[in-house]
Every structure is written in C-alpha cells, then in structure tokens.
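Chain residues, written in single-letter form:
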Amino acid sequence: MDFELNEDQQAITEAIDRLLAQHAGAARAIELNREGRYDEHLHEALAAAGFSTIATDLASDHSSDLSRDKGLAGLEAALIVEAIARAGGVVASAAQMLVAPAVSAAAIAGPIALCTMDNLAKPVPLRFGAHASTLLVLGYGDVHVIPLGSDDMEAVRSSFGYPMGRLRSAERSHELLSRGDTLGPQAALAMTRWWRLSLAVEAVGTMDAALQHTVDYLKQRRQFGRAIGSFQPIQHRLALCAIQVEASRWLAREAAYHGAQDEAVAAAAAFALNAADQVFTETHQMSGAIGFTCEFNLHVWSMRLLALRQELEGVGGARRALVRARWGGGG
Amino acid sequence: MNTAFSKDELAFQDEVREFLGDYRELDGFYCQGHKWPEVRAMFRAMAEKNWLALSWPKAFGGMALGPVYEFILWNEVAYARAARNPLAAGIVAQTLIRYGSSAQQRDWLPRIRSGEIHFSLCYSEPEAGSDLAALRLRADKNAAGTHYVLNGQKCWQSYAQDMDYLWVLARSGTQESRGRGISLFICDKHAAGVTVSPLPTLDGDQLNEVFFDAVEVPLAQRVGEENGAWPMIGEALADERHIQFPPGRVRRDLEDMVAWLNANGLGADPVVRQRLAELTVQVMETEMLALKVLEAMVKGVNATVDAAMNKISHTLACQDIARAVLDFGGPEALVSGARPELLWRQTITETIGGGTSEIMRSVVSRQLLGLGG
Ligand SMILES: Cc1cc2nc3c(=O)[nH]c(=O)nc-3n(C[C@H](O)[C@H](O)[C@H](O)COP(=O)(O)OP(=O)(O)OC[C@H]3O[C@@H](n4cnc5c(N)ncnc54)[C@H](O)[C@@H]3O)c2cc1C
C-alpha cells in the first residue's frame, strides 16, 4: 500500500506545475473567459512540452514501469489534468489527455469537445465546443470522431468558466455524423469510462483551488478582532470540505491508476461531483460578499464546478452507472 | 389560532394583484440595476395609491394600516418578480418618524412617500462586514461646527449607482467605542467628494464601493443623537423583518421550476417528483415561518429570533430550488441569461446579504436556545 507518487510521477507534477505557473492562473482565465476565448497558447505549450500525449507515450515506453495493462498511463495523465484544472487552465486537456487516447490509438486533432448523441439531437452548450477541431460523439454503442469545420458550431455565452459552443442546428447532426470515422462498441465503453473519470479528475483540481483560495482568504480576513478562519464553526466546515476533496482526489487517482474500470470510475465521479456542490456552496458562503464579485478569483473555479456537474448526466448519471456496475440491470 | 388574512386584507391583496398586472414583465427583482427607471416608475405609481406609506402614522401622511398590509404588498411584488421593497419608505422613513427632528420629517418624508427620492444603505465597509460595530468611516465636525466631514469607504452598496441619497453609518466616537460611537447621516449622493464605483457581480449586476473624501454633510442631516445610531439601526431593522424576505419569492421560484420541468418533459420523472416534494415542503416551511414573523410584528413583540429562523429557511429554500433547476436543466442551463442559471447565480448571495446565515444561526442559538457566546 502506498499513496505516495513515485519519482517519475513527482517529476511530472513538478514539471506541469512549473509550466502552469508560467502560462496559466486565475488572472489569465478571467481575461480569456471575458471574451469566451480558448487558451491557444497554453494548448501549444502543453503539446510542445509533451504533456498532451503523455498517456500513450509513457505507456508505449516499455522500459518504464508506467506502462499499464490498458496501454495507457492513466494516472500520469490524470495528475496533469488535475493540475491544469487547479491552475484554471482554459484548455480541453481532459478530452485530449484522458479520453482521446482511450478511444483511439490514432492521434485525434485537438482541441477536442465531447458530447453524447442526445446533445446533438438537441444541441446544448458544450465545453470548448466553439473552439474544437474534433468532436467526439458518444453514440449508442459507437463513437463518432468528427472533424469540425469553422462553421459547424456557434459560440454560446456562459458564466460557468469555460468557453462554450453548440452545434448551429440539430439538422446538421446527420451530415456531421456521416462526415467522420465511426469506432466500435469498445471505443464507446472506453469513452464513457474515461470521460466520466475526467469529470472527477477535473473536479478534484478545481475544488482544490477553490478551497485553497477560500482558506487563504479566511486566514487573513478579520472580523470581531480575529481571523474568520479561527472561528470554530468555520473551521469545522472547512475541514469537512477538505475531507471531501481529499477523498475525491484518491478515488479519482485510484480509478485512473487501474485503467478506469466501470465501478471505480462511477464511484469517483459520483463522489467528486457531489462534493463539488458542497465545495461550491461552502466556499461562496464563507467568503461573504466579496466572493460574489468578479474581482475575487473564487468564481474562476467555483462556477466551473457547476459546469462539470452537467456533463454525462452529472451525479445522477454517475450514481446510476455505479449501481449498474455493481449490481447489474439497466437504467 | 388563525393564520388566514381577514376579508379586508384579502380585498387589499386582490387590489395589489390587479395593480401588478401591469408589471408582470418588469422583472426587476433579480437585477434591479438593469431595470431602475422602470422600477422607479412603478414605485411612483404605488405612491399615487399611498402604498409607500401603508404603515406610516396618519400624522405623516401615512395610512396607518400596519404590518399585515405591508406584508401583503411586498409579498405580492416579490411573487410578481417586480422589485425589492425600497429602503427609503421602510428603514429610512421609519427611523425618521421615530427619531427625526420635525424639520427632518417635514423635509424628507413627503418626498419619500411620493416615490421621488431613493436611498442606498451605506453600512458595510471593507473591514466591517459581519462585525458592523468595527466600522471606521469617520464623521468629524468642522472647525466652525456647521458641518460634519465624512472620510472613508463603504462597500457592497446595492443599487447605489441609481439612488439619490445615501443612508450612512459613520464613526463619530473613538474606534474602541464600537457601537456606542456611531452616528447616522443622510448624505446627498451628488455631494462633492462622494464617488460611487461599481463592483461587478456574478449575476451580471453590480454592487458598489462608495468613497467619501472630505464630504461635507450639514448638521441638520444627522439623524438622531450623535453616537446614538446603534440602537436606532437595530429598531429600523426590526421594522422591516416581515417584508425583507417575503415567501412569495420562494413560492414563485417553485412554481417557475415546476412550469419549466413540465415544459421540458421532466414532470413525470419519479426522481424529479421526489425532489419536488422535498422542495414544496421547504417552501411551506418558509411560508409558515414568515407568517410567524408577521404575527410577532402584529402583536408588537420582539421578532428577532423568528426573523432569523425565517431568513435561514427562506434563503436555503431559494438555493435548493435553484440547485434543483440546475441539476435537472442539464447543459442547457449553462447559457448566460437562461432562467435556471440566473436563478442560481442570483441565489448565491441570499445567504450573505442582509446578515449571513452564520450570524442568523448565532441569533437562534443564543436567543432561542440560551446557549450564550
Ligand atoms: C447582494 C448583497 C447586497 C448587499 N447590500 C448591501 C447594502 O446595500 N449596503 C450595505 O451596507 N451592505 C450590503 N451588503 C453587505 C452585507 O451586509 C455583508 O455582506 C454582510 O454583512 C457580511 O459581511 P461580509 O460580506 O464582509 O462577510 P464577512 O463578515 O467577511 O464574513 C465571511 C464569512 O464568515 C462568516 N462569519 C463572520 N463572522 C463569523 C463568526 N463570528 N462566526 C462564524 N462565522 C462567521 C460569515 O457568516 C461569512 O460566511 C450586501 C451584501 C450582498 C451579498
């Protein structure tokens, strides 16, 4: 039993944190979000440093102990995605690093947006939808890999911390589906599992940052002659949030380490996405009025937590998947 | 025990509903900052019926009708999502009636009653939020003794960008005197040295910072005794307890949610219906607690604890409904300006503004349960 990251993993997290310190952060996220932009620069920097393809690269390096049974270094990729979420990076890293390599051995052009067939039939806002080069559509037993033209999607204004876009019209979906490659049932299973896992992983990094930001604030914010963080009711609630985040982190990492098996993924997502609501509510409440202003960085992460809860039917979807994985049955 | 309204009260409720028929589309409750000219016009129209002075004594041109009528009015206005109750006709007027000089009553009350002037509440400061008694904004008399000079900063002022006057708490005693060294002033928002600057908020509206740089306020605009503001603001708050968190808003949130669920074909889903049942009970809880506050006001007994319980229950219900809408809304709920997401973004603050849930819980535990602290 060992929760420590090994040396290679530690080196990876240090390297990604260094890169993010230079190229990401709350101020940059706010600037990009104001205009609904994608962080091309960070996207390029991640690719140039080799992070974007790390899951497959490491796994194909048979001299390394990072090679895993599923042909994917899931934990390493998850650590990177978690770090990018923590830094508020405005890039589609989860789809690129966790989902795409699990779905297809061939490289898929990024940025990548993810959606279900239902999301096409009734076009809804998709994270990174307006900026994606490829749309991965989770069908009923298949996956469609659709190269997007500049005219397919339209930007949607949203306050939830990611640039959003949606298909211009439902009528286009037929043409779109005929355009790309179709992958079989294995790909569909893999996409479901890794997408759901990526929501948990992103939620972990995002909750981490939201909570840390709040803790830092409450250590210095004084009322009644004391730091607010020194009041016991506040301490207890922060402690409960910290437990939720830690448990989410290890459930998600464990699921990634073991190649995103159904039950572990569903449990990690059900837990983390539920925790995301608690962390949202508590961090805002404990920040007071300043947390409701755009000048306080909390919203960079907090609003994203709500967006993550909307994908793949959110907590409810994850819970149903968990019950199916453990006890079988449909629904 | 009888929680029903009387025949006359019900007739008044009908009258209010009819009046609000013209304002169904106003939508000034959530983001009044975007709708102020329209909201102001509605207040003017109310004033023509003398509804801004429903509970004021007749001597001041009021109707002396008491808290039930006020509750009915602002509850219906909230249900119609038209506006929030204006500060001027409530806190400001009640304080002037109780503590103002006759000159102040003569100068200010008629213009408030007619809906001509409006006020922004300047209490909180960067270092004085929950701990209001720590406020620092200075008020010192000038050498000639003709004016007070205000220096310092307020923050989180709702609607200050649109208001005409500021209702300012300022420190006239020593910092250590806390609540015993605070005075209350009426300050013209356009006075030299006043700067209002916006703090954009997550609901797309704004709060404000208000800076005072050597702002001269005539002695005649101090309300009540010097250093005597603390008990006055407590009483003014008490005057508003029955209308500050009207349950009509929560009832409307619930009804809008049900309509929205049905429109999206979700009304028959058993998981949705279970959640709906929980929320409906929550709404009934907050309606009952609001009536308890009202009853205390009618009987003239202290409503502090009832009001704290009502605020906690009301604001949690708001958030729980908004959360459910977002949960059931799926990704569509993330589009800017869509009702579900606006509901959610707006409700974040309900448990903070007007006294945080934590401060309200302390009131309940100390004053109802006698736990000390
Ligand atoms: C939408 C909105 C509108 C507002 N409008 C106005 C206005 O018009 N005019 C005006 O003057 N002010 C206004 N305010 C300010 C409001 O009064 C303050 O936000 C409120 O008093 C809380 O202060 P704070 O935000 O500084 O939070 P803080 O006092 O910094 O508190 C932060 C957190 O710590 C908690 N906390 C503080 N002390 C304790 C304790 N002893 N024990 C446990 N927990 C504690 C609080 O409950 C809160 O959760 C508005 C606020 C909002 C959100």
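Predicted model, so just to flag it, every value in this text is computed and none were measured.

Participant: Describe the overall build of chain A, naming the residues involved and giving the relevant values.
Facilitator: The helix and strand tally for chain A stands at 13 helices and nine strands. The C-alpha radius of gyration computed for chain A amounts to 19 Å, which stays within 12% of the reference 20 Å derived for 331 residues, consistent with globular compactness. In terms of its C-alpha atoms, chain A occupies a principal-axis envelope of roughly 65 × 45 × 45 Å. Here chain A, with 331 residues, has 59% of them falling under the buried criterion. Within chain A, residue pairs in contact and separated by at least 24 positions form 68% of the contacts whose partners lie at least 6 positions apart. Charged side chains in chain A number 29 positive and 37 negative. The centres of these two groups are separated by 8 Å.

Participant: Can you tell me about the sheet that holds strand 1 (residues 112-116) of chain A, naming the residues and giving the values?
Facilitator: Residue and element names in this part refer to chain A. In space, the four strands of this open sheet follow the order 1-3-4-7, with mixed pairing throughout. The open sheet is flanked by strand 1 and strand 7 (181-183), the only strands paired with a single partner. Strand-to-strand twist in this sheet, taken as the mean axis angle between neighbours without regard to direction, amounts to 20°. Across five bridges, strand 3 (residues 134-138) lies against strand 4 (residues 143-147) in antiparallel orientation. By the bridge assignment, Leu-138 is partnered in strand 4 with Val-143. On the sheet, helix 8 (residues 172-179) packs against strand 3, strand 4 and strand 7 and is oriented at approximately 95° with respect to strand 4.

Participant: Talk me through unusual backbone geometry; I want residue IDs and the actual numbers.
Facilitator: Cis geometry marks the peptide bond from Gly-110 of chain A to Pro-111 of chain A; its omega dihedral reads -5°. Its location among the elements puts Pro-111 of chain A in the loop between helix 6 (93-103) and strand 1. Notably, Asp-27 of chain B is not glycine yet its phi reads approximately 55°, a positive angle. Its location among the elements puts Asp-27 of chain B in the loop between helix 1 (7-20) and helix 2 (36-48). Within the chain, Arg-81 of chain B stands out as a residue other than glycine whose phi angle is a positive 55°. In this structure, Arg-81 of chain B sits in the loop between helix 3 (67-79) and helix 4 (88-99). The exposure class assigned to Arg-81 of chain B is buried, which follows from its relative accessible area of 2%.

Participant: Tell me about the sheet that holds strand 6 (residues 164-167) of chain A, and name the residues and values.
Facilitator: All names here are of chain A. The strand order across the open sheet formed by three strands is 2-6-5, and the pairing between neighbours is antiparallel. Both outer strands of the open sheet, strand 2 (126-127) and strand 5 (153-156), are each paired with one neighbouring strand and no more. Of the strand pairs in this sheet, strand 2 and strand 6 are connected by two bridges, and their pairing is antiparallel. Residue pairing across strands places Leu-126 opposite Gly-165, the latter belonging to strand 6.

The rules behind these values
- Residues numbered from 1 in each chain as written.
- Chains lettered and ligands numbered in written order.
- Predicted model: local features only at pLDDT ≥ 70, side-chain atom pairs only at ≥ 80, totals over all residues.
- Heavy atoms only, no water.
- Helix = DSSP H or I, 4+ residues; strand = E, 2+ residues; numbered from the N terminus.
- Rg over C-alpha atoms; globule rule 2.2 N^0.38 Å.
- Buried < 20%, exposed > 50% of the residue type's maximum accessible area, 1.4 Å probe, protein only.
- Contact = heavy atoms within 4.5 Å.
- Lys, Arg positive; Asp, Glu negative; His and termini not counted.
- Charge placed at Lys NZ, Arg CZ, Asp CG, Glu CD.
- Pairing = 2+ DSSP bridges.
- Axes fitted to C-alpha atoms, helices over the stretch in contact; angles between N-to-C directions.

Remember that the coordinates give geometry; whether it matters functionally is a separate question.
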